[in-house]
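Structural characterization, general
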Amino acid sequence: MQYEGVLRHGEADVLDAVAQRPRHALERADQLDDGRYNLGAFDPEAGPVASPKAQAEDDPASPQESPDDQGSPNAQPDQQVAPLGATAEQAAVAEDWWRTFREVVADDQILALPYGDLDVAAANAHDRDTYTSARTTGDSLVAELGLTADPAVAPISGTLPSAALGMLSEDTLTLLTPRSLADLEPAEAGDIDLQTASSVRLSGRRIVRAPWLPENPAPDEPHQVVGLRQLLASRAALALVGQPDDPSPVVIVQVPGRWELPETSQLFSGLTEQPWFTLSRLDSALASGPAPTTQGSLRYPDRQAERELDAAAFLATSKLQSRAASLDEVLTGDRDLGTEITRSGLTSLSYSDRNAPYVSRLGTEGTSDWLDRQLSRISVEVPRSFLVPGEAGRFPVSVRNGLNQTVQVKVAVSSDNTLTIAPTDTLTLRPGESLSPVLQVKARGIGVHYVTVEVIDPSGQVLSSSKPLPVRSTVRVGGILWTIMGIGAALLFLAIFIRLTRRFLAWRRGKVSAR
């Protein structure tokens, strides 16, 4: 028979181990605040802070580290890589882990979960775009590492609602427990035994029957190697006895998420020496038999639905990703800081965060608040009030970069439809620099209008704004005055003409009477 073991890390930080990011976003916010990213308020005495990359280029003796290459899996083995938010000791452990990982999986099949081990069921309920983001992020990271992986979804609970399958691509493998497949029926008539099929197809997606091994196979000896081997042997024996017509039945299992075996290399010791037990890649195991097409719904317990992350968690992560994207747009240096923060935000939506959803969301919101504080340092000053003397005018503002990094922004105005104020072109401001762009105002009505001047990133997202200020428009007043004056002049000349006419007529009458 063939056996396929699927390894996974239940704490949702296997890929995250390289960058050694903290477990929760709350800790990430603390690390952001302590200046590890060299991003903060501009200090006139200290001057702008050079990025680690610039420092390395200026000083040949300094290690070649930057926010771009810190933690990079492509770094040379003899380089001292210091990932973002990690100590040198943690960085060395992470690099050693990845080096060993590449050697171990060199010829093996790798299944790539959505980045951060996303809670797929919750994403289906609250924000499907998050799954797309997590999948794209994970695929890009795997490509950066020079690895080849097959997309997969493997919920820790072993269950998934049927509706969530619609988010998955057809080449994504879904690993579920046999219990979650209990309500499925063959879509076609025939002698098909779904209980012995290693995988089935539902809604065009391939679902692998992969039960979890228990976390405590032997009493008082959690994860003991002998106990797990005995359990594997018993499952193999049941497969051989239960499928006499299949010369090579397949058994697929998932090891516990909390993998703490003291001697993992001995897990298959003795088993692989048996003629009836063969280790195989998952794709090879699945190729040994067809995947029957099924119909029906996956069994998804109510208790799992109740444990899903709520909409507030996804809203918090969405805001974090939006602010991180703005930061990437604003910073002119090659930093990719926003990308790092975005990736970290996805880790706060993992299955493991179901155990402490409030703490995770609080950390995500704390990181967003930190970003808001940094972006609000790019401020704008405006007059207390402004008068538009006619149909057009020039509106002066002053924008200051309070960050210690060079930024690029625009200035725009939010107002009602009676005022048209076009945003400025992209402005580049050095640390501590102020610029005074002039906005062109066009008015289409008389009265007082309240406007808000905003600092926006190049894509249009608001970074900071002024308080509402009154703008008085006098458009058309000049024309009205001229009209009134014209009418008045016409009436005046008309009165003069009438008076002169009357005098002339009176003079004629008097002259005629004198005769």
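You'll find the structure just up there.
Structure report, in brief. (Residues numbered from 1 in each chain as written. Predicted model: local features only at pLDDT ≥ 70, side-chain atom pairs only at ≥ 80, totals over all residues. Heavy atoms only, no water.)

**Some remarks on the overall build of the protein**
Helix and strand counts for the protein stand at 12 helices and 22 strands. In the protein, which comprises 515 residues, the share counted as buried stands at 44%. Partitioning the intrachain contacts of the protein with sequence separation of at least 6 by distance along the chain shows that 72% fall at a separation of at least 24. For the protein, the exposed surface amounts to about 26400 Å²; the carbon and sulfur share of it is 52%. (Helix = DSSP H or I, 4+ residues; strand = E, 2+ residues; numbered from the N terminus. Buried < 20%, exposed > 50% of the residue type's maximum accessible area, 1.4 Å probe, protein only. Contact = heavy atoms within 4.5 Å. Areas by Shrake-Rupley, 256 points an atom, 1.4 Å probe, with all protein chains shown as cover.)

**Some remarks on the sheet that holds strand β3 (residues 150-153)**
Spatial strand order, β2-β3-β4-β7-β6: five strands in an open sheet with mixed pairing. Of all strands in the sheet, those bounded by a partner on one side alone are β2 (111-112) and β6 (199-202). Examined bridge by bridge, β6 and strand β7 (residues 205-209) share four bridges and lie antiparallel to one another. Along β7, the bridge assignment pairs Ser199 with Val208. Where helix α5 (residues 128-144) meets the sheet, it contacts β2 and β3, and its direction lies at approximately 140° from that of β3. (Pairing = 2+ DSSP bridges. Axes fitted to C-alpha atoms, helices over the stretch in contact; angles between N-to-C directions.)

**Here we look at the pattern of salt bridges**
According to the stated counting rule, one finds 10 salt bridges in the structure shown. Salt-bridge contacts for Asp283 lead to Arg281; the nearest nitrogen and oxygen are separated by 2.7 Å. Across the pair Lys319 and Asp372 runs a salt bridge whose closest N-O atoms are separated by 3.5 Å. Of the two residues, Lys319 sits in helix α9 (residues 311-330) while Asp372 sits in helix α11 (residues 357-375), which places them 53 residues apart along the sequence. Residues joined in a network through salt bridges with shared partners are Asp310, Arg361 and Glu365. (Salt bridge = Lys/Arg side-chain N within 4 Å of Asp/Glu carboxyl O.)

**Remarks on the nonpolar core**
Core analysis: the biggest nonpolar cluster contains 34 residues, and Ile341, Ile378, Phe395 and Val453 have the highest contact counts within it. In terms of nonpolar packing, the next biggest core, distinct from the first, is built from 33 residues, Tyr131, Val153, Leu168 and Val200 among them. (Core = buried A, V, L, I, M, F, W, Y, C linked by side-chain atoms within 4.5 Å.)

**With respect to the sheet that holds strand β18 (residues 434-435)**
Each strand in a sheet pairs with another by means of backbone hydrogen bonds, the pair being arranged parallel or else antiparallel. Reading across the sheet, the three strands line up as β11-β14-β18 and stay open at both edges, with antiparallel pairing between neighbours. The two strands at the open ends of the sheet, each matched to only one other strand, are β11 (378-381) and β18. Here two bridges tie strand β14 (residues 398-401) to β18, and the two strands are oriented antiparallel to one another. Bridged to Val399 within β18 is Leu435.

**Topic: the pairing of β14**
Residues of β14 alternate between two faces, with Val399 and Asn401 buried on one and Ser398 and Arg400 left unburied on the opposite face. Where β11 meets β14, four bridges bridge the pair, whose relative direction is antiparallel. From the neighbouring strand, Glu381 faces β14, where its bridge partner is Ser398.

**Section: the packing of α9 against α11**
α11 packs onto α9 with a crossing angle of 25° between their chain directions and a minimal axis gap of 9 Å. By the criterion of interaxial angle, the relationship of α9 to α11 is roughly parallel. For the element pair α9 and α11, the recorded crossing hand is left-handed. Residues Ala312, Ala313, Ala316, Thr317, Lys319, Leu320, Arg323, Ala324, Ser326 and Leu327 of α9 form the contact with α11, whose own contacting residues are Arg361, Thr364, Glu365, Thr367, Ser368, Asp369, Leu371, Asp372 and Leu375. (Parallel < 35°, antiparallel > 145°, perpendicular 65-115°, else oblique. Left-handed = near helix turned anticlockwise from the far one by under 90°.)

**So, unusual backbone geometry**
Its identity is not glycine, yet Asp117 carries a phi of approximately 55°, on the positive side. When you line up the elements, Asp117 lands in the loop between β2 and α4 (120-126). Of note, Ser203 is a non-glycine position whose phi angle comes to about 55°, a positive value. Of the residues examined, Ser203 reaches a relative accessible area of 52% and is grouped as exposed.

So yeah, pure geometry; function would need other evidence.
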